[in-house]
Amino acid sequence: MSILIKNGHLVNASENFDADIYVEGEKIIEIGENLVKPGAEVIDASGMLVFPGGVDPHVHLEMPFMGTYSADDYSTGTLAALHGGTTMVIDFILQTQGDSLANALKTWQDKSQGRAYGDYGYHMAVTDYNESTRKEIRQMIEEEGITSFKTFMAYKGALMIDDNQMVGLMTEVKKQGGMVTVHATNGDMIDHLIHKFKKEGKVSPLYHYLSQPEVTEAEASARFGDLAHYTGVPAYIVHMTCEGALNSVRDATKRNQTVLVETCIQYLLLDASLYDKGFESAKWVMSPPLREKKDIEALWAGIDQGLVKVVATDHCPFTWEQKKLGEDDFAKIPNGHPAIEHRMELLFSEGVTTGKITLPKFVEVSSTNAAKLFGMYPKKGCLAIGSDADLVIFDPNEKHTISAKTHHMNTDYSGYEGREVTGKTKTVLLRGKVAIDQGEVKVDKGYGQYVFRNKVDGKL
Ligand code: URP
Ligand code: ZN
Ligand code: ZN
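Residues numbered from 1 in each chain as written. Chains lettered and ligands numbered in written order. Predicted model: local features only at pLDDT ≥ 70, side-chain atom pairs only at ≥ 80, totals over all residues. Heavy atoms only, no water.

**Concerning the coordination of the zinc ion (ligand 3)**
Taken together, the protein donors to the zinc ion (ligand 3) comprise His58 (NE2), His60 (NE2) and Asp314 (OD), at separations of 2.0 to 2.2 Å. What the 4 donor atoms of the zinc ion (ligand 3) show is an angle range of 86 to 135° at the metal, which sorts the shape as irregular. Read in sequence order, the donor residues for the zinc ion (ligand 3) give the motif H-x1-H-x253-D. Here the zinc ion (ligand 3) and the zinc ion (ligand 2) are spaced 3.8 Å apart. Taken individually, His58 and His60 each receive the classification buried, so the pair is uniform in this respect. (Donors = N, O, S within 2.8 Å, 3.2 Å for Na, K, Ca; no water. Tetrahedral: all angles 85-135°; square planar, octahedral: opposite > 155°, others 65-115°. Buried < 20%, exposed > 50% of the residue type's maximum accessible area, 1.4 Å probe, protein only.)

**Structural notes on the pattern of salt bridges**
Under the criterion given, the structure shown has 31 salt bridges. A salt bridge links Asp119 to Lys380, with the shortest nitrogen-to-oxygen separation between them at 2.8 Å. Of this pair, Asp119 sits in strand 10 (residues 119-125) while Lys380 sits in the loop between helix 13 (359-373) and strand 16 (391-401), and the two are 261 residues apart along the sequence. Neither residue differs from the other here; Asp119 and Lys380 are each classed as buried. Where Glu350 meets Arg419, a salt bridge forms, and the shortest distance between an N and an O atom there is 3.3 Å. With a gap of 69 residues between them, Glu350 in helix 12 (residues 343-352) and Arg419 in the loop between strand 16 and strand 17 (420-430) connect regions that are remote in the sequence. For Arg419, a relative accessible area of 24% puts it in the partly exposed group. (Salt bridge = Lys/Arg side-chain N within 4 Å of Asp/Glu carboxyl O. Helix = DSSP H or I, 4+ residues; strand = E, 2+ residues; numbered from the N terminus.)

**Regarding the site of ligand 1**
Looking at ligand 1, the residues that line it are His58, His60, Phe65, Tyr155, His183, His239, Met286, Ser287, Asp314, Cys316, Asn335 and Gly336. Within the side chain of His60, an N or O atom sits 3.2 Å from an oxygen atom of ligand 1. With respect to ligand 1, the backbone of Gly336 contributes an N or O atom lying 3.4 Å from an oxygen atom. Burial of ligand 1 by the surrounding chains reaches 100%, relative to a free accessible area of 260 Å². In this structure, ligand 1 is accommodated by the largest cavity. (Near = heavy atom within 4 Å. Polar contact = N/O pair within 3.5 Å; in protein donor to acceptor, adjacent residues only side chain to side chain. Areas by Shrake-Rupley, 256 points an atom, 1.4 Å probe, with all protein chains shown as cover. 1 Å grid on protein atoms, 1.4 Å probe; cavity = no way out; pocket = protein on both sides within 12 Å on 5 of 7 lines; lining within 4 Å. Sits in = over half its atoms within 2 Å of the grid points.)

**As for the packing of helix 12 against helix 13**
At a minimum axis distance of 11 Å, the contact between helix 12 and helix 13 shows a crossing angle of 145°. Where helix 12 crosses over helix 13, the handedness of that crossing is right-handed. From helix 12, Arg343, Met344, Leu347, Phe348 and Val352 reach across to helix 13, where they touch Leu359, Phe362, Val365 and Ser366. Each residue belonging to the contact of helix 12 with helix 13 can be placed in one class, and the counts come to 7 nonpolar, 1 polar and 1 charged. (Axes fitted to C-alpha atoms, helices over the stretch in contact; angles between N-to-C directions. Left-handed = near helix turned anticlockwise from the far one by under 90°. Contact = heavy atoms within 4.5 Å. Nonpolar A, V, L, I, M, F, W, Y, C, P; charged D, E, K, R; others polar.)

What follows is the structure, encoded as structure tokens:
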């Protein structure tokens, strides 16, 4: 099977130019002007952008969490991602405390095999680091292609590890050629504030926000950076939201320790005024919470400065029925929101169309950097000869409106209901096959493949 995409404007993280692109089997074979390929299916991309399929390295599919499961599974989640131009996601396996990494991996393999529409990889969340976990790290990296290990400095009693475990994990992961990533907020301080508010009878979603002030994230980010500096492990902070945390990373950078930063699309677009809507605010109950306008500005500036490397989603969707588990207690509202489908379009609309970021920067933070940092480049994350033919044909001018009535995620509301965006995903190729065309699905469930990732060094 071969496809010739003609007359598009190609965008990579390093350059953009007009060219044709020729795909054979699963790979990009040729990029050039006026290509002629008899027998190939021709797609006319006049007036369109053509860029690498998005890589979203932070999603939670069918994850057991806060007494329920996130509402998108591998099938609905990766399909919604494809509709929005994201061809590859990295999901989080959660180790059960007291159990092995191998058993957790098996559970996630059972959920994913034969079910995904788009390609996927796994991070391993280490929630119980001990001598037997230590021995499994090498196997995860060498035999399973899982080269990033997620830690939680919050969610005490379920997912959180202490600094003793963190230093042990960092030391072993550094030795074996992986990266440690973190949910960096101070779990003890958050728990203190939750209990204080509940004792005062303050139980609405607003108090979710107030129980995670900026200092909880700034402190934990700095501490994580310090421990990473001491151990020398490649270190990555997920879903950073605020100026204080960014400044702690700037301090680490001064000492020559690079702490890599990911933010998520919601933290670039939405602010804490959404917590003023009574229980409706549960739609935006996520951790860390949305922040202030000054933080939004700091994050966009961080992208511009190259400090923020990746824009992900932290897609962790719950239906309204699930959110209602916390109707009488904000601490029981399942944390997370649906976003996997609209990351690329929102980032394009609010970033490129407004002039905040360039087209290459858009590709860098939505695809290329994640592919590089997580050991998949140049297979993923670029339009280059020999790379997987994962690409998006995108109309930069088409306007459309986001709504739960038309989205493909498994939630009955959207955090962006009624928002008009400029720029639309028209056609998506995944490993050389048209996967989405004009809103229609062209691949079968199970087409998505597991991606074995290489060792990483934290360098771009
Ligand atoms: O609210 C969130 N972020 N839910 C998912 C779990 C996590 O902390 O990433
Ligand atoms: Zn988190
Ligand atoms: Zn997350």
